[in-house]
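Each chain is listed here by its residues.
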Amino acid sequence: MDYQSTDQSGQPPKKNSNVIYFLIVVILALLGTDVYLYMKKNNSDEKIVYQNDEKTRLQTELDSLEAQVEQVNAGKTRMSAEMQAKNDSLQSKIKVLRGELAKGKLTAAELGKAQEDVKQLRYFVTKYTADLEELKKQNASLTTERDTLKTNLTAVSQKASDLTQQTNTLQKQNQDLDNKVKIASALKIGVANVVAYKIKGSGKEVDVTRASPAKKIKINFTVASNAVAEKGSHDIYVRIIDPTSNLITSGGGTFTSDGQELQYTYRTSIDFKDDGSGYTIDWVNQSPFQKGVYTVLLYADGYTMGKTSLTLK
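A. Representation of a positive patch on the surface. Among the surface-exposed residues, Lys198, Lys200, Lys204, Arg210 and Lys291 lie close enough to one another that they form a single positively charged patch. The topology assignment puts Arg210 in the loop between β2 (205-208) and β3 (216-223). The exposure class assigned to Arg210 is partly exposed, which follows from its relative accessible area of 46%.

Written as structure tokens, this is what we have:
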């Protein structure tokens, strides 16, 4: 039978109690270390998870900002050099930030800088979008003004064309009217006849019907009444066609009648008074008269007055 040894007071030895206390302290220390390491590991894991989540969020926001830039650019607004520079700068900044976020692990400082850069980029994209929208409005306004100007210009051009056409029509009408007035105001023969004469030695003129003794002719005529004809002196051109159908020129010049340039045989003038007066034109032939019919045509004011004829035997 075993008996535990005791001291004289009946208490167990202190050595054994001290060992037990030491073991308890060691166990508690180990447990504390395990708890600290566990908590530290959890904090580290949480930090890594937080950083990964923030990187994902920033990358998503970059996607959104880039899509926003592409959307406003899709309008194909004609950008100024300044706006194009802003667009290029935004695209470059997004590319740089994507490169930064694509790295492996980011330190807290790097992550903070990325967050600040994305924040600034968001501001620049918002401002760029607003500026580009304003530019679109201005371009739309300018387009409207341009279209209005084109419409107005077309209307003015049409009016000018219509006015030109009306002017041309009026000019033609005026020209036609002027021609009609000229035709109406031109002198016309009332009645006319031609008589051949021989000249005696005494100078006396005797009318004849034969060609051989004839030396001159007298063209007797009246002018038809014409209220619109100009009163006063009018040039009269005479063309005499011989029996062989040749014009007798006698060195005469040219004149214009009915739009044609013609040679004349003789030229004179009369004083028109529109009072029914008779007129006589004397013409001496420098060559002997021939048998046959002589045709006499009179012209005045650019038109034919009329004609008559003389037959010599």
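Past the structure itself, the notes keep going.
B. The arrangement of the nonpolar core in detail. In terms of nonpolar packing, the biggest core is built from 29 residues, with Ile217, Ile219, Phe221, Leu298 and Met305 touching the most fellow members. Of all the elements in the fold, those that place two or more residues in this core are β1 (189-199), β3, β4 (232-241), β8 (266-272), β9 (278-284), β10 (292-300) and β11 (303-312). Among residues more than four places away in sequence, those in contact with Leu298 are Ile189, Ile219, Phe221, Ile236, Tyr237, Val238, Ile281, Thr304, Met305 and Gly306.

C. Summary view of the pairing of strand β6 (residues 254-257). Side chains of β6 alternate between two faces, with Phe255 and Ser257 buried and Thr254 and Thr256 left unburied. In the sheet, β6 pairs with strand β7 (residues 260-263) via four bridges, with the strands oriented antiparallel. By the bridge assignment for β7, Thr254 is matched with Gln263.

D. Representation of the sheet that holds β3. With antiparallel pairing, the four strands of this open sheet are ordered in space as β2-β1-β3-β9. The open sheet is flanked by β2 and β9, the only strands paired with a single partner. On average, each strand axis in the sheet is inclined to that of its neighbour by 35°, with strand direction left out of account. Note that β1 and β2 share four bridges and pair antiparallel. Residue Tyr197 lies in a different strand from β2, and its bridge partner there is Asp207.

E. Molecular detail of a nonpolar patch on the surface. Residues Val19, Phe22, Leu23 and Ile27 make up a contiguous nonpolar surface patch of about 400 Å² in total accessible area. In this structure, Val19 sits in helix α1 (residues 14-73).

F. Layout of the packing of aromatic side chains. Counting across every chain of the model gives seven aromatic pairs. Ring centres of Phe255 and Tyr264 lie 6.1 Å apart, and the angle between their planes is 50°; on these two criteria the pair is classed as tilted. Feature note: the residues Tyr237, Phe255, Tyr264 and Tyr299 constitute an aromatic cluster, connected by ring pairs. The ring centre of Tyr197 lies 5.6 Å from the NZ or CZ of Lys218, which sits over that ring.

G. Region of the structure containing the pattern of salt bridges. The full count for this structure, using the stated rule, is six salt bridges. Salt-bridge contacts for Arg146 lead to Asp147; the nearest nitrogen and oxygen are separated by 3.2 Å. Accessibility expressed as a relative area gives 35% for Asp147, which makes it partly exposed. Between Lys218 and Asp282 there is a salt bridge, with its nearest N and O atoms 2.9 Å apart. Of this pair, Lys218 sits in strand β3 while Asp282 is found in strand β9, placing the two residues 64 residues apart along the sequence. We classify Lys218 as buried; its relative accessible area is 14%. Taken together, the salt bridges that share partners define one network made up of Glu205, Lys216, Lys218 and Asp282.

H. Fine view of the side chain of Arg239. Tracing the chain through its elements places Arg239 in strand β4. Buried within the structure, Arg239 lacks any salt-bridge partner; its nearest side chain of opposite charge belongs to Asp258, at an N-O separation of 9.3 Å. A polar contact of 2.6 Å, which involves the side chain of Arg239, links it to the backbone oxygen of Gln263. What Arg239 contacts, discounting residues up to four positions off in sequence, is Leu247, Phe255, Leu262, Gln263, Tyr264, Thr265, Thr295, Val296, Leu297 and Tyr299.

I. Quick look at unusual backbone geometry. If you check the backbone angles, Ser245 has positive phi at about 70° while not being a glycine. Here Ser245 is to be found in the loop between β4 and β5 (247-248). In this structure Ser245 comes out as exposed when scored by relative accessible area, which is 59%. A positive phi angle, close to 55°, is found at Asp274, a residue other than glycine. Structurally, Asp274 can be placed in the loop between β8 and β9. Look at Asp274 and you get partly exposed, because its relative accessible area is 23%.

Calculation notes
- Residues numbered from 1 in each chain as written.
- Predicted model: local features only at pLDDT ≥ 70, side-chain atom pairs only at ≥ 80, totals over all residues.
- Heavy atoms only, no water.
- Patch = residues over 30% accessible without salt bridge, like charges linked within 9 Å, V, L, I, M, F, W, Y side chains within 5 Å.
- Areas by Shrake-Rupley, 256 points an atom, 1.4 Å probe, with all protein chains shown as cover.
- Salt bridge = Lys/Arg side-chain N within 4 Å of Asp/Glu carboxyl O.
- Lys, Arg positive; Asp, Glu negative; His and termini not counted.
- Charge placed at Lys NZ, Arg CZ, Asp CG, Glu CD.
- Helix = DSSP H or I, 4+ residues; strand = E, 2+ residues; numbered from the N terminus.
- Buried < 20%, exposed > 50% of the residue type's maximum accessible area, 1.4 Å probe, protein only.
- Core = buried A, V, L, I, M, F, W, Y, C linked by side-chain atoms within 4.5 Å.
- Contact = heavy atoms within 4.5 Å.
- Pairing = 2+ DSSP bridges.
- Axes fitted to C-alpha atoms, helices over the stretch in contact; angles between N-to-C directions.
- Phe/Tyr/Trp six-rings, centres within 6.5 Å; stacked < 30°, edge-to-face > 60°.
- Lys NZ or Arg CZ within 6 Å of the ring centre and 35° of its normal.
- Polar contact = N/O pair within 3.5 Å; in protein donor to acceptor, adjacent residues only side chain to side chain.

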